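What follows is each chain in one-letter form.
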Amino acid sequence: MRHFAFLFCFAFTSACFAAPVKVQSYSGDTSLPHKLLISAIERAGLEYIHPYETNKDISNARILNDVKNNQLDVMWSMTSTQLEQDYQAVYIPLFRGLLGMRVAIVKAQNRELFSSVTSLQDLKRFTAGQGKTWPDTKILKANQLPVVTTLKYPNLFPMLEGERFDYFPRGVNEPWDEIANHSELNLTVEPHLVIKYTAPLYFFVNKNNHTLHKQLNDALNEMIADGTFNAMFLADSQVQTVLSKANLSSRRLIELDNPTLSSNTPNKNSPLWFNPFQ
């Protein structure tokens, strides 16, 4: 009987002996990527831990380095060709493309900042704020938009209020929660523009961690096939906020090129993408 148990456990090594998956989020995280990741890990029969549990203010540069050095097993990020060269991407857009639709956080008194902006050339008169290592920064700069950067994401909000830059472009699922989390600052969502580029958010693992990559890819595809993924997407509070508050159909659309996309990006006609304009 013990011999049989050993063989059984050997056959399912990942479940029996694998170390817990080290994830970038913390236990109280309510974000969609966190919930999708935990659901996929559990579906794969794995356990997980939160290395950053006691320090949630971790820079993107630190996260990238930790995955590369196996101090962290899974992260999520908007993709780029460089990221896909340095890490293994799971090619499933977690926000189904919503992250590439951007609305701007501005100072409340600048709510009408873009009221007369109708073209990319008009938008170039204003300066955006972004994280220094974010793929978005390269996209904005490639489209000749002025950008001010910082290494730490939390710094961007007081920098905006302090007029270090004019606007903070955010995925349409993000700004309302962020403004609520920084209620001490005088910020609001600009109502006139949506800036759009193809920018999927993927899970990434270490380049050599092929086992975990397959486990996550298989689990997420199972979740897509049985409807779990879409149900979690539509139930997400940020996605529901987009559908109720973003008023995308009434905004002027400015499209940007994304020169950082790889040829592995899923086909735009795939059901993996969500079209809130319809």
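Brief notes about the overall build of the protein chain
Then step 1. Counting its secondary structure elements, the protein chain contains 12 helices and 12 strands.
Then step 2. Taking 19 Å as the expected radius of gyration for a compact globule of 278 residues, we find that the protein chain reaches 20 Å, a close match to that expectation.
Then step 3. Considered along the principal axes of its C-alpha atoms, the protein chain spans approximately 75 × 40 × 30 Å.
Then step 4. Counting every position in the protein chain, which comprises 278 residues, the buried fraction comes to 50%.
Then step 5. Taking as baseline every contact in the protein chain between residues at least 6 positions apart, the subset at least 24 positions apart corresponds to 77%.
Then step 6. A total of about 13500 Å² of accessible surface is found on the protein chain, and carbon and sulfur atoms cover 50% of it.
Then step 7. Seen as two clouds, the 26 positive and the 26 negative side-chain charges of the protein chain have centres 3 Å apart.

A look at the packing of helix 3 (residues 32-43) against helix 11 (residues 228-235)
Then step 1. Where helix 3 meets helix 11, the axes come as close as 10 Å, and the angle between the chain directions of the two elements is 155°. By the angle class used here, helix 3 and helix 11 are roughly antiparallel. For the element pair helix 3 and helix 11, the recorded crossing hand is right-handed. When helix 3 is examined against helix 11, the residues Leu32, Lys35, Leu36, Ser39 and Arg43 are found in contact with a partner set consisting of Thr228, Phe229, Met232 and Phe233.

Re helix 7 (residues 135-142)
Then step 1. Buried within helix 7 are the following residues: Pro135, Asp136, Thr137, Ile139 and Leu140.
Then step 2. Those residues of helix 7 that are buried are in contact with strand 3 (74-78), helix 5 (81-86), strand 5 (101-107), strand 6 (128-131), strand 7 (147-150) and strand 8 (168-171).
Then step 3. Looking at the residues trailing helix 7, positive phi occurs at Gln144, about 65°.

Remarks on the sheet that holds strand 3
Then step 1. Taken in spatial order, the three strands make up an open sheet running 3-11-4, and their pairing is antiparallel. Unpaired on one side and paired on the other, strand 3 and strand 4 (87-90) mark the two borders of the sheet. Put simply, the sheet's adjacent strands are angled 40° from each other on average, direction ignored.
Then step 2. With four bridges joining them, strand 4 and strand 11 (residues 201-206) adopt antiparallel strand pairing. Note that in strand 11 the partner of Gln88 across the bridge is Val205.

Quick look at the environment of Phe277
Then step 1. Structurally, the position occupied by Phe277 is in the segment after strand 12 (252-255).
Then step 2. Overall, Phe277 belongs to the partly exposed group, its relative accessible area being 32%.
Then step 3. Separated by 52 residues in sequence, Phe277 and Ala225 place their C-alpha atoms 24 Å apart.
Then step 4. Here Phe277 is in contact with Met101, Val194, Lys196, Leu248 and Leu253, once residues within four sequence places are set aside.

Focus on the packing of helix 3 against helix 10 (residues 210-225)
Then step 1. The N-to-C vectors of helix 3 and helix 10 enclose an angle of 105°; their axes lie 9 Å apart at closest approach. The orientation of helix 3 with respect to helix 10, classified from their angle, is roughly perpendicular. Of the residues in helix 10, those touching helix 3 at Leu36, Leu37, Ser39, Ala40, Ile41 and Arg43 are Leu216, Ala219, Leu220, Glu222 and Met223.
Then step 2. For the contact of helix 3 with helix 10, a count of residues per class yields eight nonpolar, one polar and two charged.

Some remarks on the confidence of the model for the protein chain
Then step 1. Looking at the protein chain as a whole, the pLDDT averages 90, with 94% of positions reaching at least 70.
Then step 2. Every residue in residues 1-16 scores below 50 in pLDDT, and together they form six contacts with partners more than four places removed in sequence or on other chains.

Focus: unusual backbone geometry
Then step 1. Although it is not a glycine, Gln144 sits at a positive phi angle of roughly 65°.
Then step 2. Turning to its location among the elements, Gln144 is positioned in the loop between helix 7 and strand 7.
Then step 3. The exposed category is assigned to Gln144, whose relative accessible area is 58%.
Then step 4. Backbone geometry at Asn247 places phi at a positive 50°, although glycine is not the residue there.
Then step 5. You can see Asn247 is positioned in the loop between helix 12 (237-245) and strand 12.

What about the packing of aromatic side chains?
Then step 1. If you walk through the whole model with that rule in mind, you get 10 aromatic pairs.
Then step 2. Residues Phe157 and Phe168 carry aromatic rings whose centres are separated by 5.3 Å and whose planes lie at 70° to one another, so their mutual orientation is edge-to-face. With Phe157 in helix 8 (residues 156-161) and Phe168 in strand 8, this residue pair connects regions lying 11 residues apart in the sequence. Assigned by exposure class, Phe157 and Phe168 land together as buried.
Then step 3. With centroids separated by 5.2 Å and ring planes inclined at 65°, the aromatic side chains of Phe233 and Phe274 adopt a geometry described as edge-to-face.

Basis of the calculations
Within any chain, residue numbers begin from 1 and follow the written order of that chain's sequence. Local features in this predicted model are restricted to residues whose pLDDT is 70 or higher, and side-chain atom pairs enter the listing and the counts only when it is 80 or higher, whereas totals over whole chains, interfaces and linings include all residues. With hydrogens and water excluded, all non-hydrogen atoms of the structure serve as input to the side-chain values. By definition, any uninterrupted DSSP run of H or I lasting at least four residues is a helix, any uninterrupted run of E lasting at least two residues is a strand, and each is numbered from the N terminus. For the radius of gyration, the atoms used are the C-alpha atoms, and the globule rule reads 2.2 Å times the number of residues raised to 0.38. For the exposure calls, accessible area comes from a 1.4 Å probe over protein chains only, and a residue counts as buried if that area is under 20% of its type's maximum, exposed if over 50%, partly exposed in between. Here, two residues are considered to be in contact whenever any of their heavy atoms come within 4.5 Å of each other. We get accessible surface area from the Shrake-Rupley algorithm with a probe of 1.4 Å; when it comes to residues, only the shown protein chains can shield them. Positive charges are assigned to Lys and Arg, negative charges to Asp and Glu, while His and the chain termini are left out of the count. Lys charges are placed at NZ, Arg charges at CZ, Asp charges at CG and Glu charges at CD. For helices, the axis comes from a line fit to the C-alpha atoms of the stretch in contact; other axes are also lines fit to C-alpha atoms, and the angle between any two N-to-C directions lies between 0 and 180 degrees. The labels follow the angle: roughly parallel below 35 degrees, roughly antiparallel above 145, roughly perpendicular from 65 to 115, and oblique for the rest. For any helix crossing, the convention is left-handed if the near helix is rotated counterclockwise from the far helix by under a right angle, and right-handed if that rotation is clockwise. DSSP calls a pair of strands paired once it identifies at least 2 bridges connecting them. Under this grouping Gly is polar, as are all residues other than the nonpolar Ala, Val, Leu, Ile, Met, Phe, Trp, Tyr, Cys and Pro and the charged Asp, Glu, Lys and Arg. A residue's pLDDT is the confidence the predictor assigns to it, expressed on a 0 to 100 scale. Side-chain rings of Phe, Tyr and Trp (the six-membered ring for Trp) are treated as a pair once their centres are within 6.5 Å; stacked means planes under 30 degrees apart, edge-to-face means over 60, and tilted covers the remaining angles.

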